[in-house]
Amino acid sequence: MSSITKAEDQYMRKKLRRKPSKFELDVISAEWSEHCSYKSSKKFIRKFPNQSKYVLQGVASDAALLDIGRGYVLAVHIESHNHPSAVEPYGGSATGVGGVIRDILSLGTRPIAILNALRFAPIDHISERQSQKSRWLLRNVTKGIADYGNCIGIPTVGGEMEFDSGFSNYCLVDVAAIGISKRNKIVPNTSNLGDVVLLVGGETGRDGIHGSSFASKELNSEDRSAVQIPDPFTEKLLIEGLLEAVDKGLIKAMKDLGGGGLSCCLSEISVMLSKGLEIDISKIHVKEDGMSPSEIMISESQERMLVVTSQKESKNLLKVLEKYNLRYSIIGSVKGKKNLVIRDRGKVIMNMPSLFICRAPLIDRRSAAPKSRSVKPVPQFGMRPTDIANNILQLLGNPNIAGKEWIYQQFDYDVGIRTTLKPGEADSSVISLENGKFLAIKLDGNSKQCNFDPYQGTLNVLSEVCRNIVSTGGNPVAIFDHLQFGSPERPEIFWAFKQTVQAIIDYCTFMDLPVVGGKVSFYNETSEGPIKHSPVIGAIGLIDRSEWIMQPGVSSDESIFIIGNTKDEMGGSEFYEATGNKENGRIPTVDLNVDRLNSKAVLKLIRGNVVRSLHDCSKGGLAISLCEMAMAGENGLQVYLDRVPNTCSTIYDLIFSESPSRYVVGTDDSDGVHRILSAIDGLKYSEIGTATSKGSDAILYHTKMGGPVTLSHKSMVRSYGRLGTIMEQNSLS
Amino acid sequence: MVRVGVLVFPGSNCERDVQTVLTQYAGIEPELIWHTKIDLGKYDAFVIPGGFTYGDSLRAGAIAAHSPVIEQLKKMAKQNVPILGICNGFQILVESDLLPGALTTNSSLKFVCKRANLVVENNTTPFTSLFKRGEVISIPVAHGQGRYINDIESFRKLKRNKQILFRYIDENINGSMNDVAAVCNEQGNVVGMMPHPERAVALRGRLKVHDSRERLIFESLRASLSDH
């Protein structure tokens, strides 16, 4: 089966000046799929800024490496397995973890942490059949990621989730991983004539055939043959065996096999090395007999790595592989002429320039902005303090906001003893690094806002993820992204993709942040249509000292400040979505200057040693931030909302608006905070309240409310635990 | 000089964590022993760390329990050498009959990662000698098969011989019989525990320091080894 378009076919015949064989067509088909070739998106994502003092220069690899000081480098990758997970959530998500870990391993770095970003249709509140399906997906995706990550001994340190009806009968499963290594130990990715090429790891079989072309068309039926099967034990052996080999200098180049299997891997590594490869596929260790050459080339069997070593070191490499009982086959060698030559039992069945295979002709997609939506009138909400309190509690219990303990307690987040801030503990995950510094890392997304306005929505996601880094004391140093959309053949979807790319370029250029890795995933559609535009953005920050690591729990008697302005920006907010006002309001807009000013102010406070607790405002607005700080610290608080800098029309806007660039700071040195903040020109901030005693209520005051809004610690915790309650009550579905 | 060996099997995950903590907090520099090495004579104590040896195939710890190095370890155990099995290490010790009982799936049927509060019941083994009986410590757990079970008669014997070392309090994380979190053999030199003491040690960062008393597991070992 070939997915070559008519135009691509013509291009091929013109360039090759002959008709390709069926085998060659299958190989090219795999590499020219959208998933592998980026033929629709490459032209645009090339423009991402990717330089900074932290980005290592002169490295030959698919993604950038970060220089984090004292001789250490960091690699980051993100990947998704949306289509497979929607069909078989356990295997799909588990193999997603496997794939991204092998990406990290390819560079010779040791994987040290995993994060995930998951999107499902709601697990409650819509049709019972739909909710049941979502719960089933969530349950099995969690178990898939847990079983795989736990078995290979890499901590899953953080995650992010979004529930939206736009994901019915579908799910987005993003997995990110980071790896660390000493600069002088990374795989050099150079090679010489005569170097030996091996395939290491799991056997090649018929599982996962057409996985990448599967991912490049809409999901129409339950196509089980295209789902890959996970084997984390083999992955663990790959990690330990290959890292031992890297440490001994036995590996010259390495690449994992992912989408498109050998077809993509061989052509891409050949181009990266600027050398040719001659491979005999009959030498490959296989799961079953009788596989056709095409099946072998496009199989996506998991846990396989392509390794290049010198003839001189090959014996030593094999010794290491045998120590770990890793299966391998010596499949070929490196040649001078930059062709990919494939043999089957000695007979040549393909001989083509690697560059030709790798460089699919780019496609110019049409793009067209959708008709602008009319802004619907703003609804009225109950103004009594009890109404407001109930609305806050309901929002706390909304699965988009509620605590995610039910999920993250299934992940081993402690293995490796680096995890300093654990899942659920603070705004981003923080792990310790070998060089004495700490790394903050977070993933964020907001499909609701990105669907309203992909440009502004993406700016909001960027602002939020960087804010989450700053909220744990981190200085953001790099961005990575996963851009997920419906079919690029729809002009309004392609327009949204371009808007998203522009937002990333604009934000990262302004903030001096390089984009060090990322992927684009199109064709996320089901029979109900395309998903909402879902760019997932990751950020990495560095924290130089342990005293600068911040967390949100307020302690008794701390003074509470807010930095930033709150406006009527309820469009795409959790509160409006939850109350059936999906089409109402304006979505938040990011002022880049204010965003940078506010973040720098917070970092200044931290360096000035005056911050005791810290939390950003995002989903659910200020009300949720304050409740979360109270619950985390197990202390009450009293906040005077009149003192919050704002231009809001109503109380509801004030407490639930998701205006960006805002932070809530707890301090035991309010004079110190005033001194530092008042010296910052143009900064909007205010002292708004105090934390009270252990177990007390959270109380919000405002002159326009009839009386104080009181939330007991017990009621907040009960609401916040709602996601776990839903999943436990429905444990059989 | 004290020599402590940390066994490493295909699939072990926590050997480096154990090595780091023993080095930084107990002044012991343990050696990692790859499972194919079967001459264990020169070591004074052993730790079998956590992980998913052999991918937890068949049952957790079942395959490692039948490896040649464990056969050698049994000889060491007879000679009263202190042996500590942590998490998967505990599973390997029960599968190889070096410890009584069995470890099966958590009653929640889910993997659980969280801090557990434990009460110290026995302070006479080489790994618990510096604790006070009845004191409460807090150690992270991370396992899917940590529910300790045994038949009634064997259980009575365990209690009589004071072979239960730690029990869960406040919350029985996995449904273990009698809230058992750690046991030892009759001789008192082989100890198995589901919680991960190496993780209880000070996090490398600020925040609440959870380490304090939990380090005594390793310091007790050093104390008992230097008594020789």
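### Quick word on the overall build of chain A
Per the secondary structure count, chain A includes 25 helices and 27 strands. Over its C-alpha trace chain A gives a radius of gyration of 26 Å, about what one expects of a compact globule, namely 27 Å for 733 residues. Relative to its full complement of 733 residues, chain A shows a buried share of 60%. Contacts in chain A between residues far apart in sequence, at least 24 positions, make up 83% of those at least 6 positions apart.

### With respect to the overall build of chain B
A count of helices and strands for chain B gives six helices and eleven strands. Computed over C-alpha atoms, the radius of gyration of chain B comes to 16 Å, within 12% of the 17 Å expected from 2.2 N^0.38 for 228 residues, which places it in the range of a compact globule. With the principal axes as the frame, chain B shows a C-alpha extent of 40 × 40 × 35 Å. Taking all 228 residues of chain B together, 53% fall into the buried category. Long-range contacts, defined as pairs at least 24 residues apart, comprise 75% of the intrachain contacts of chain B with a sequence gap of at least 6.

### Some words on the packing of helix 17 (residues 454-470) of chain A against helix 20 (residues 592-607) of chain A
All names here are of chain A. Close contact between helix 17 and helix 20 brings their axes to 10 Å; oriented N to C, the two are set at 10°. As the angle between them shows, helix 17 and helix 20 are arranged roughly parallel. Side by side, helix 17 and helix 20 meet where Ser463, Cys466, Arg467 and Val470 of the first sit next to Asp595, Ser599, Val602 and Leu603 of the second. The residue inventory of the contact of helix 17 with helix 20, partitioned by class, reads four nonpolar, two polar and two charged.

### Focus on the environment of Arg129(A)
All names here are of chain A. Turning to its location among the elements, Arg129 is positioned in helix 7 (residues 128-151). A residue is classified by how many C-beta atoms lie within 10 Å of it, and Arg129, with 8 of them, is exposed. Remark: the alpha-carbon pair of Arg129 and Val196, spanning 67 residues in sequence, is separated by 54 Å.

### Some details on the interface of chain B and chain A
Counting from both sides, the interface comprises 24 residues of chain B and, opposite them, 25 residues of chain A. Mapped onto the side of chain B that touches chain A, the elements with two or more residues apiece are helix 1 (15-26), strand 6 (112-120), strand 7 (136-143) and helix 5 (197-200) of chain B. With three residues, the top contributor of residues to the side of chain B that touches chain A is strand 6 of chain B. Among the residues forming the side of chain B that touches chain A, the class breakdown is eleven nonpolar, six polar and seven charged.

### As for the sheet that holds strand 20 (residues 534-543) of chain A
Residues and elements named next belong to chain A. Here we have six strands laid out as an open sheet, ordered 13-14-15-20-16-17, and mixed in their pairing. A strand with exactly one partner marks an edge of an open sheet, and here the two such strands are strand 13 (419-421) and strand 17 (515-521). Sheet twist, expressed as the average angle between the axes of neighbouring strands with direction ignored, equals 25°. Pairing between strand 16 (residues 475-484) and strand 17: six bridges, direction parallel. Looking at strand 17, one finds that Phe480 is bridged to Gly517. Contacts between helix 17 and the sheet are confined to strand 15 (438-445), strand 16 and strand 20, with strand 20 contributing the most and set at about 25° to the helix.

### Some thoughts on unusual backbone geometry
All names here are of chain B. Positive phi, close to 55°, is recorded for Lys162, a residue that is not glycine. The backbone of Asp179 shows a phi angle near 60°, a positive value even though the residue is not glycine. Among the structural elements, Asp179 can be located in the loop between strand 9 (164-169) and strand 10 (180-184). On the basis of neighbour count, Asp179 is assigned to the partly exposed category, with 19 C-beta atoms found within 10 Å.

### Describing the sheet that holds strand 8 (residues 276-280) of chain A
Residue and element names in this part refer to chain A. On the basis of which strands lie adjacent, the open sheet formed by seven strands has the order 7-9-6-10-8-11-12 and mixed pairing. Every other strand in the sheet has two partners, leaving strand 7 (253-256) and strand 12 (347-353) as the edge strands with one partner each. Adjacent strand axes in the sheet meet at a mean angle of 20°, parallel and antiparallel pairs treated alike. Examined bridge by bridge, strand 11 (residues 339-344) and strand 12 share six bridges and lie antiparallel to one another. Opposite Asp344, over in strand 12, you have Lys347 as the bridge partner.

### Considering the environment of Thr458(A)
Residues and elements named next belong to chain A. Inspection of the secondary structure puts Thr458 in helix 17. Look at Thr458 and you get buried, because 29 C-beta atoms sit within 10 Å. Sequence separation between Thr458 and Gly689 is 231 residues, and the spatial gap between their C-alpha atoms is 32 Å.

### Here's the deal with the nonpolar core
Counting residues in hydrophobic clusters, the biggest one holds 283 residues, and the most contacted among them are Leu66(A), Ala113(A), Cys171(A), Leu242(A), Leu626(A) and Cys627(A). Once residues lying within four places of it in the same chain are set aside, the contact partners of Cys627(A) are Ile392(A), Leu396(A), Ala698(A), Leu711(A) and Met716(A).

### Examining the confidence of the model for chain B
Interpretation of the predicted coordinates at a detailed level should be avoided for regions scoring low in pLDDT. Residues and elements named next belong to chain B. Taken over all residues, the pLDDT of chain B has a mean of 93, while the share at 70 or more is 95%. Confidence drops under a pLDDT of 50 for residues 204-210, and excluding neighbours within four residues, the segment shows 15 contacts in the predicted structure. Across the assembled chains, the prediction reports ipTM 0.96 with pTM 0.96.

### As for the pairing of strand 14 (residues 429-432) of chain A
All names here are of chain A. Residue alternation in strand 14 divides its side chains into two sets, Ser429 and Ile431 and Val430 and Ser432, and both sets are buried. Bridge analysis of strand 13 against strand 14 gives two bridges, and the strand direction is antiparallel. The residue of strand 14 that forms the bridge with Thr419 is Ile431. Note that strand 14 and strand 15 share four bridges and pair antiparallel.

### Observations regarding helix 18 (residues 491-511) of chain A
Given 3.6 residues per turn, any residue in an α-helix points the same way as the ones three and four places further on. All names here are of chain A. Over its 21 residues, helix 18 runs 30 Å from end to end, which matches the ideal 30 Å to within 8%, given 1.5 Å per residue. Where helix 18 is concerned, the buried positions are Ile493, Phe494, Ala496, Phe497, Gln499, Thr500, Val501, Ala503, Ile504, Tyr507 and Cys508. Looking one or two places after helix 18, you find Asp512, whose phi comes out positive at around 60°.

### Section: the environment of Glu29(B)
You can see Glu29(B) is positioned in the loop between helix 1 and strand 2 (31-34). Between the C-alpha atom of Glu29(B) and that of Val2(B), which follows or precedes it by 27 residues, the distance is 8.4 Å.

Cut-offs and rules
Residues numbered from 1 in each chain as written. Chains lettered and ligands numbered in written order. Predicted model: local features only at pLDDT ≥ 70, side-chain atom pairs only at ≥ 80, totals over all residues. Helix = DSSP H or I, 4+ residues; strand = E, 2+ residues; numbered from the N terminus. Rg over C-alpha atoms; globule rule 2.2 N^0.38 Å. Buried ≥ 20, exposed ≤ 12 C-beta atoms within 10 Å, placed from the backbone. Contact = placed C-beta atoms within 7 Å. Axes fitted to C-alpha atoms, helices over the stretch in contact; angles between N-to-C directions. Parallel < 35°, antiparallel > 145°, perpendicular 65-115°, else oblique. Nonpolar A, V, L, I, M, F, W, Y, C, P; charged D, E, K, R; others polar. Pairing = 2+ DSSP bridges. Core = buried A, V, L, I, M, F, W, Y, C linked by C-beta atoms within 7 Å. pLDDT = per-residue confidence, 0-100. Expected span 1.5 Å × (residues − 1).

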